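# Structure assessment
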Amino acid sequence: MSGDKKLSIAEIDRQLACGLIVSCQPVDNGPLDDDEIVVCFARAALAGGADGLRIEGARRVAKVRAALPQALIIGIVKRDLHDSPVRITPLQTDVSALAEAGADIIAVDATRRPRPAAVRALIDEIHRHSKLAMADCSCFEDAAQAHGCGAEIVGTTLSGYTGGEVPERPDFALLEKMVAAFPRVMAEGRFNTPADSARARELGAWAVTVGTAITRTELVTQWFAEALKVHGKDSAPA
Ligand SMILES: CC(=O)N[C@H](C=O)[C@@H](O)[C@H](O)[C@H](O)COP(=O)(O)O
């Protein structure tokens, strides 16, 4: 298994062409929430020109790695803990499982919230496996802390998801602030259109991760259905 593959950040810099990463995370328990479908999403994303993939769960990372030995994979584990709001790769054992499954980059929640393992401990564990660390951040201060702990990549992933209503638009203000301070910033979270993704790159994002708009068919269908409701039966021509 190519869990042993070790890419340097400079090699990844060279591999990025358009800077698009596709997150292949179907809606939980929906009709597309299936390991083989995730592998198909991954194949389709690469066929469409993506530079890399974001995959949830060690088992799915291993399946995608086996099917696509050369793919750049960012691995995460999502788990619901009873005593912490941290969901994305909260434990050191999650890190080891993702490393063994063949992830190149391992992303962890880097928010400064109550958590079972410190951000530094998770990043150290990622590096112990000779993998690269990405910090999923909710604000500039999260990114500063994670960068200080050695994270190679910091992302806007969790902006808007740590309290209050989730905004509709991406957090461009945070992206700009992070780009000015850190060398590799992942634009992630609600980059739902090619135009917003391109804008992120114009602003200096190292790469852009797009999930929902590509791999959550139910939600994209809802966007269309909601928009079309305005012109429902009453306004249709007789
Ligand atoms: C907040 C959180 O849990 N984000 C998750 C992180 O893996 C995923 O649910 C998102 O789909 C991913 O970040 C991509 O973002 P978007 O789906 O908006 O393109």
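Residues numbered from 1 in each chain as written. Predicted model: local features only at pLDDT ≥ 70, side-chain atom pairs only at ≥ 80, totals over all residues.

### What to know about the site of the ligand
To be explicit about the condition: Each residue gets a C-beta atom placed from its backbone. If that atom is within 6 Å of a molecule or strand, the residue is near it. Ten residue types, Ala, Val, Leu, Ile, Met, Phe, Trp, Tyr, Cys and Pro, are classed as nonpolar, four, Asp, Glu, Lys and Arg, as charged, and the remainder, Gly among them, as polar.
With respect to spatial proximity, 15 residues lie near the ligand, and among them Ser 23, Tyr 161, Arg 190, Gly 211 and Thr 212 are the closest. Of the residues assigned to the shell around the ligand, the class counts are six nonpolar, seven polar and two charged.

### Considering the confidence of the model for the chain
To be explicit about the condition: Looking at any residue, its pLDDT shows the predictor's confidence there, from 0 to 100.
When the pLDDT values of the chain are averaged, the result is 96; 97% of them are 70 or greater. For this predicted complex, the interface score ipTM comes out at 0.99, while the overall pTM is 0.96.

### Examining unusual backbone geometry
The criterion, for reference: In this text, helices come from DSSP runs of H or I with a minimum length of four residues, and strands from runs of E with a minimum of two, each type numbered from the N-terminal end. Put plainly, a residue is buried at 20 or more neighbouring C-beta atoms within 10 Å of its own, exposed at 12 or fewer, and partly exposed in between, counting only other residues' C-beta atoms, which are placed from the backbone.
Its identity as a non-glycine residue notwithstanding, Asn 29 has a phi of 60°, on the positive side. Tracing the backbone shows Asn 29 in the loop between strand S1 (20-23) and helix H2 (35-47). Within the chain, Arg 190 stands out as a residue other than glycine whose phi angle is a positive 70°. By the secondary structure assignment, Arg 190 is in the loop between strand S7 (185-188) and helix H8 (194-202). By the C-beta count within 10 Å, which is 21 here, Arg 190 ends up buried.

### Regarding helix H10 (residues 217-229)
Rule in force here: The span expected for a helix works out to 1.5 Å for each residue beyond the first.
The terminal C-alpha atoms of H10, which comprises 13 residues, lie 18 Å apart, in line with the 18 Å expected from a rise of 1.5 Å per residue. The element H10 is largely exposed, with a buried count of zero among its 13 residues.

### Details of the environment of Ala 144
Along the polypeptide, Ala 144 turns up in helix H6 (residues 140-148). Among the residues examined, Ala 144 registers 17 C-beta atoms within 10 Å and is labelled partly exposed. As for Ala 144 and Met 178, which are separated by 34 residues in sequence, their C-alpha atoms are 8.6 Å apart.

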